[in-house]
Amino acid sequence: MKAADVGNFFKKYTMIIALVVVAVLFFILTGGAILIPQNINNLIAQNGYVFVLGTGMLLCILTGGNIDLSVGSVVCFTGAIGAMLLKGGTNLWLAVIAMMAIGLAVGSFQGFWIAKVHVPAFIATLAGMYVFRGLSNTVLGGYAVDVSNETFLRLFGGGADCYITDFVGTIKIAGQSLNGTCLIIGLVAVLAFVGLSIRRIIVQLKRKIIRKATGDYIRIGLIAAAILWFTWQLALYKGIPTVLIWVGLVLGAYAYVTNKTAMGRYLYAVGGNEKATALSGVNTRTVFFFAYANIGLLAGLAGALNIARFVGAQPTYGQGYEMDAIAACFIGGASAYGGTGKISGVVIGATLMGLINQGMTLVNLSVNYQPVVKGIVLLLAVMFDVLSKRENH
Amino acid sequence: MAEYLLEMQGITKTFPGVKALDNVNLQVEQGEIHALVGENGAGKSTLMNVLSGIYPYGSYEGDILYEGQVCKFANIKDSERKGIVIIHQELALVPEMTIGENMYLGNERGHKMAINWTETYAEADKYLRMVKLSESSKVPVNTIGTGKQQLVEIAKALAKHARLLILDEPTSSLNEEDSRALLDLMLEFKKQGMTMIIISHKLNEVAYVADKITVIRDGKTIETLDNRGAEPISEARIIRGMVGREMTNRFPKRENVAIGSVRLEVENWTVHHPIYPERKVVDDVNLYVREGEVVGIYGLMGAGRTELAMSIFGQSYGTHFSGKLKIDGKVVRQRRSEADAIRHRIAYVTEDRKGNGLVLSQDIMVNTTLANLGAVSKFSILDKDREHEAAMEYQRKLNIKTPSVEQLVGNLSGGNQQKVLLAKWMFAEPDILILDEPTRGIDVGAKYEIYCIINDLAAAGKCVIMISSELPEVLGMSDRIYIMNSGRMIDEMKAEDATQESIMTAIVNAGRGD
């Protein structure tokens, strides 16, 4: 590799490298504890909401650096309604659908002001942040409400046993007991990923869209290795946490939306140049509306995950979630001006944040200092990103 | 030997991977107007950035001698202290602030913590009179026109006690009248002993105003021509130096193009200003275009050409529309929608490619297909391979110089960006193309290629409306020419009957009629 290639490599994968560095750092500081299976499992269980909300937030940020400040409150609000419904004995699926529908309605309401009336997103969602925090309080009557529906808790990642049942049974490899279902699902996922990726490369080579694919093969190999390692760790513990299914579904669906659909394309185009997009025959207001209605829907889902995780709802839940989601996007390389950013970036950003949170807890850093470290990491991450992109000017 | 105010000796400036300047020499005499010409990317702006300290001493090789002394500028402030002031192509004024505030921005009168506004405005007014502006310096900049804003920039430079004034494309956004006024002002400054460097693409202006012309090509000085003789240097002579060959024919011939029946008709078209609805921006305009025909629309800045074009394209500009729009004889139902216009196979290629045309943060592929995603998708699901192939096809067709179609459009040169913009609208498969200033700010070679593309479009039976501020271009490319002034069509000429003089006379006469 030439020096310029090395430079480009660092530029392209700054945040992945940062992730590895942070992981190694905490690996040393915690004497390896951070990467034991249980902690990897906890990383998913405790940060599921960041992945889900970060995905929604990314679409808003893509439209031009607009953020949604209300998601924390909306998570609390939908969770509060869900908790009340479950307490009243409503069927769990009806309750979940209600939560997501209410989230969508809230998102559409805010989307209306932003897209049709041209209220700045920052202000419209700041208003929403107050309104839905207050309404959460109203719904809960100011009290904590417990959720006791066991099936719900299990499906959405709360309580003690929120893992996919091991249908296959324990498999022993090299003296280790492994969760069979988890192993098999992991293997199938890797094979599907590798197979589909290679098929696509072959098609592209044949159609002369790309000339060589060495880099792509390396990338596919690394991702496959990461999934295998991850599967192994989960299998060593209790298997696949149910939260992971929801997170995986959301990430997969939105990676598809942003990559392969016309609406996804318009999100990027509007953020890159709204006027040019409008003159290309795209109804740009619809694009804004979509982004904000959508994050409401995802906030509804996050609301369900949240009351499951805490086995109940409280009027104070969800505070600061919007900031975690925003930080995940920016750490993951989304542009603060819109137009660039990827779902894979959100994954990296959210993982990095989760890793730091957990690492700090494991090394017994005072809770007073934990936000300080998070803030500095966010600043450093974005600084590296800005600097690495600027140097050629 | 003449006395040089400025000598740049053996300037070499390297960026990673590129030698932007290669042993460039420039000698400017006290009290002359020195023109710097060259194609886009030839290195003119880089050279001026070296001179003004934007690229500090040490980041380049060679010497800058100013008044015989070697200068080591670390930043713009250093060079400005010596009286070297550069006026950039893009106006650097804050629209909401007053003229006076703008002129002394970063150079405040009085104390930093207690600005002396009386002195500021008195001084500002003084310099405004020097550039022949009668406005008060207390009016906000956004209330005066672009031509006057350019003059404010010059007044601002004078306020910094400029002794060497560098004007980078000063007339690129001015109409002919304002341009001429600006050039005459330069000549008057020269009489008062000011030294100036002008960078311009407009060779007629260069020939008119410059004493000496230095030609730069591919980062090297090619020659310095003396323009003080009785006869001004011909444009062809300058172009020869710029492109390294004689451009005998600046406009490619359009051969064997059969002009067919009328496809687009606009009747009694009137459009009002979106913010001041009582103002008519387009006033009772009639025009038609035939199959395979290239129709030029000429007019001065502010004549309403862009407004006309955008109002035809899905009413994307203006309010209170009246009149009829017919395609193939059928009246098109009017509503505000760019998508509707595209469905009717109209394309509007904007004059402002960065502001209204391209998504600079995305790659060539995304930009190429943006106006017609339907062609590469099914049920809103994109077929990225097909999209990639389509983008590559247009890249080849239009000769867009790029390593791959995954290159970000923001990284391309102006000429290549313009080609991507054209590719985008050709991909939308229109029958009627409205090209608004299709060659603005691009170099001679790229211009020729764009002209060839226009000819190909006409040969394919498309209707082309070409709006341009450059008379030679309108004359060289059109079959028929409409002349617009103050929102009205004042004349229509066949290309073979039209001359620069007849067009300008029509505009001057119309202006008198008001």
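Note that the structure is predicted; figures quoted are calculated from it, not measured.

**Points about the overall build of chain A**
Then, in step 1: When you go through chain A residue by residue, the secondary structure sums to 16 helices and four strands.
Then, in step 2: The C-alpha radius of gyration computed for chain A amounts to 21 Å, which stays within 12% of the reference 21 Å derived for 393 residues, consistent with globular compactness.
Then, in step 3: Projected onto the principal axes, the alpha-carbon positions of chain A cover approximately 65 × 65 × 45 Å.
Then, in step 4: Looking at the 393 residues of chain A, the share that counts as buried comes to 48%.
Then, in step 5: Restricting to contacts in chain A with at least 6 residues of sequence separation, those with at least 24 account for 76%.
Then, in step 6: Element-wise, carbon and sulfur atoms account for 69% of the exposed surface of chain A, whose accessible area totals about 18300 Å².
Then, in step 7: Distance from the positive charge centre (26 side chains) to the negative charge centre (12 side chains) of chain A: 12 Å.

**Some words on the overall build of chain B**
Then, in step 1: From N to C terminus, chain B includes 17 helices and 24 strands.
Then, in step 2: In terms of overall size, chain B behaves like a compact globule, its C-alpha atoms giving a radius of gyration of 24 Å where 514 residues would be expected to give roughly 24 Å.
Then, in step 3: Expressed along its principal axes, the backbone C-alpha trace of chain B runs to roughly 70 × 50 × 50 Å.
Then, in step 4: Here chain B holds 514 residues, and the buried ones make up 53% of them.
Then, in step 5: In chain B, the share of contacts with a sequence separation of at least 24, taken over all contacts with a separation of at least 6, comes to 66%.
Then, in step 6: For chain B, the accessible surface area stands at approximately 21900 Å², while carbon and sulfur atoms represent 48% of it.
Then, in step 7: Looking at charge distribution, chain B has the averaged site of its 61 positive side-chain charges lying 2 Å from that of its 72 negative ones.

**What about the interface of chain A and chain B?**
When the parts of a complex come together, some accessible area is lost, and that lost area is often taken as the interface size.
Then, in step 1: Contact with chain A, which involves 27 residues of that partner, is made by 32 residues of chain B.
Then, in step 2: Between chain A and chain B lies a buried interface of about 2500 Å² when both sides are counted; carbon and sulfur atoms form 53% of it.
Then, in step 3: Remark: the boundary between chain A and chain B carries three salt bridges.
Then, in step 4: The salt bridge partner of Asp385(B) is Arg200(A), with a shortest N-O separation of 3.1 Å.
Then, in step 5: Linking chain A with chain B are 12 residue pairs in polar contact (both at pLDDT 80 or more), by the criterion used here.
Then, in step 6: If you list the elements that add at least two residues to the side of chain A that touches chain B, you get α8 (180–206), α10 (242–260), α11 (262–272) and α12 (274–279) of chain A.
Then, in step 7: When residues in the side of chain A that touches chain B are grouped by element, the largest group, six residues, is from α11(A).

**Details of the sheet that holds strand β16 (residues 319–327) of chain B**
Residues and elements named next belong to chain B.
Then, in step 1: Ordered in space as β14-β13-β16-β17, the four strands form an open sheet in which the pairing is antiparallel. The sheet terminates laterally at β14 (280–290) and β17 (330–331), the two strands that pair on one side only.
Then, in step 2: In this structure, strand β13 (residues 262–272) lies alongside β16, joined through six bridges in antiparallel fashion. When the bridges of β16 are listed, Val 266 appears paired with Leu 325.

**Considerations on the pairing of β13(B)**
Then, in step 1: The pairing of β13(B) with β14(B) spans seven bridges and is antiparallel. Its bridge partner being in β14(B), Trp269(B) is matched across the sheet by Val285(B).

**Topic: α10(A)**
For an α-helix the count is 3.6 residues per turn, leaving residues at separations of three or four pointing the same way.
Residues and elements named next belong to chain A.
Then, in step 1: Counted at 1.5 Å a residue, the expected span for α10 with its 19 residues is 27 Å, and the 27 Å between its end C-alpha atoms agrees.
Then, in step 2: Within the sequence span of α10, burial applies to Thr 242, Val 243, Trp 246, Val 247, Val 250, Leu 251, Tyr 254, Val 257 and Thr 258.
Then, in step 3: Against the buried residues of α10 lie α3 (37–62), α5 (92–116), α7 (150–155), α11, α13 (284–309) and α15 (343–362).

**Looking at the environment of Thr439(B)**
Residue and element names in this part refer to chain B.
Then, in step 1: One can find Thr 439 in the loop between β21 (432–436) and α15 (444–459).
Then, in step 2: Separated by 10 residues in the primary sequence, Thr 439 and Glu 449 place their C-alpha atoms 9.8 Å from one another.
Then, in step 3: Not counting the four nearest positions on each side in its chain, Thr 439 is found in contact with Lys 447, Ile 450, Tyr 451, Glu 470 and Glu 473.
Then, in step 4: Here the side chain of Thr 439 touches Glu 473 through a polar contact of 2.4 Å, side chain to side chain.

**What to know about a nonpolar patch on the surface**
Residues and elements named next belong to chain A.
Then, in step 1: Together, Leu 25, Leu 29, Leu 362, Val 363, Leu 365, Tyr 369, Val 372, Ile 376, Leu 380, Met 383, Phe 384 and Leu 387 make up an exposed nonpolar region whose accessible area comes to about 1000 Å².
Then, in step 2: Looking at the nonpolar patch, the elements that each hand over two or more residues are α2 (14–29) and α16 (370–390).
Then, in step 3: Element by element, the count of residues in the nonpolar patch is highest for α16, at six residues.
Then, in step 4: You can see Ile 376 is positioned in helix α16.
Then, in step 5: Residue Ile 376 is classed as partly exposed on the basis of its relative accessible area of 46%.

**A word on the side chain of Glu473(B)**
Residue and element names in this part refer to chain B.
Then, in step 1: For Glu 473, the location among the structural elements is in helix α16 (residues 471–477).
Then, in step 2: Comment: no salt bridge for buried Glu 473; closest opposite-charge side chain is Lys 447, at 5.0 Å.
Then, in step 3: A polar side-chain atom of Glu 473 sits 2.8 Å from a polar atom in the side chain of Ser 468.
Then, in step 4: Ignoring anything within four residues of it in the chain, the contact list for Glu 473 reads Phe 251, Pro 438, Thr 439, Tyr 451, Met 466 and Ser 468.

**Description of the pattern of salt bridges**
All names here are of chain B.
Then, in step 1: Per the counting criterion, the structure on display carries 36 salt bridges over all chains.
Then, in step 2: The partner of Arg 163 in a salt bridge is Glu 67, with the nearest N and O atoms 2.6 Å apart. Placement of Arg 163 in the loop between α5 (146–159) and β9 (164–168) and of Glu 67 in the loop between β4 (61–66) and β5 (69–70) is noted, with a sequence separation of 96 residues between them.
Then, in step 3: On the accessibility criterion, Arg 163 (36% relative accessible area) is partly exposed.
Then, in step 4: Residue classification places Glu 67 among the partly exposed residues on the basis of a relative accessible area of 40%.
Then, in step 5: Note that Arg 305 is salt-bridged to Glu 437, the shortest N-O span being 3.7 Å. Here the residue Arg 305 occupies a position in helix α9 (residues 305–312), and Glu 437 occupies one in the loop between β21 and α15, the gap between them amounting to 132 residues. Here Arg 305 and Glu 437 have matching classes, each one buried.
Then, in step 6: Beyond isolated ion pairs, a larger network of salt bridges with shared partners links Arg 290, Glu 293, Arg 480 and Glu 492.

**Looking at the sheet that holds strand β18 (residues 346–349) of chain B**
Residues and elements named next belong to chain B.
Then, in step 1: With mixed pairing, the six strands of this open sheet are ordered in space as β18-β21-β22-β15-β23-β24. The two strands at the open ends of the sheet, each matched to only one other strand, are β18 and β24 (488–494). If you compare each strand with its neighbour and ignore which way they point, the axes differ by 20° on average.
Then, in step 2: Sheet topology places β21 next to strand β22 (residues 463–468); five bridges connect them, and they run parallel. Note on β22: the bridge partner recorded for Leu 435 is Met 466.

**Things to note about the confidence of the model for chain B**
Then, in step 1: When pLDDT is averaged along chain B, the result is 88, and 97% of the positions lie at 70 or above.
Then, in step 2: Two numbers describe this predicted complex: its pTM, 0.80, and its ipTM, 0.84.

**Remarks on the environment of Asn268(B)**
Residues and elements named next belong to chain B.
Then, in step 1: Among the structural elements, Asn 268 can be located in strand β13.
Then, in step 2: For Asn 268, a relative accessible area of 41% translates into the label partly exposed.
Then, in step 3: As for Asn 268 and Ser 322, which are separated by 54 residues in sequence, their C-alpha atoms are 7.3 Å apart.
Then, in step 4: With sequence-adjacent residues up to four places away left out, Asn 268 is seen in contact with Asp 284, Val 285, Asn 286, Ser 322 and Gly 323.

**Structural notes on the packing of aromatic side chains**
Then, in step 1: Summed over all chains, the structure comprises 16 aromatic pairs over all chains.
Then, in step 2: Both rings, one in Phe109(A) and one in Trp113(A), keep their centres 6.1 Å apart while their planes meet at 85°; by these two values the pair is edge-to-face. With Phe109(A) and Trp113(A) both in helix α5, this residue pair falls four residues apart, about one helical turn.
Then, in step 3: Using a relative accessible area of 46% as the deciding quantity, one classes Phe109(A) as partly exposed.
Then, in step 4: Each residue in the set Trp93(A), Phe152(A), Phe156(A) and Trp246(A) is aromatic and connected to the rest through ring pairs, giving one cluster.
Then, in step 5: Residue placement shows Lys397(B) over the ring face of Tyr394(B); its charged tip is 4.4 Å from the ring centre.

What counts, and at which threshold
- Residues numbered from 1 in each chain as written.
- Chains lettered and ligands numbered in written order.
- Predicted model: local features only at pLDDT ≥ 70, side-chain atom pairs only at ≥ 80, totals over all residues.
- Heavy atoms only, no water.
- Helix = DSSP H or I, 4+ residues; strand = E, 2+ residues; numbered from the N terminus.
- Rg over C-alpha atoms; globule rule 2.2 N^0.38 Å.
- Buried < 20%, exposed > 50% of the residue type's maximum accessible area, 1.4 Å probe, protein only.
- Contact = heavy atoms within 4.5 Å.
- Areas by Shrake-Rupley, 256 points an atom, 1.4 Å probe, with all protein chains shown as cover.
- Lys, Arg positive; Asp, Glu negative; His and termini not counted.
- Charge placed at Lys NZ, Arg CZ, Asp CG, Glu CD.
- Buried area = accessible area lost by both parts, 1.4 Å probe.
- Salt bridge = Lys/Arg side-chain N within 4 Å of Asp/Glu carboxyl O.
- Polar contact = N/O pair within 3.5 Å; in protein donor to acceptor, adjacent residues only side chain to side chain.
- Pairing = 2+ DSSP bridges.
- Expected span 1.5 Å × (residues − 1).
- Patch = residues over 30% accessible without salt bridge, like charges linked within 9 Å, V, L, I, M, F, W, Y side chains within 5 Å.
- Axes fitted to C-alpha atoms, helices over the stretch in contact; angles between N-to-C directions.
- pLDDT = per-residue confidence, 0-100.
- Phe/Tyr/Trp six-rings, centres within 6.5 Å; stacked < 30°, edge-to-face > 60°.
- Lys NZ or Arg CZ within 6 Å of the ring centre and 35° of its normal.

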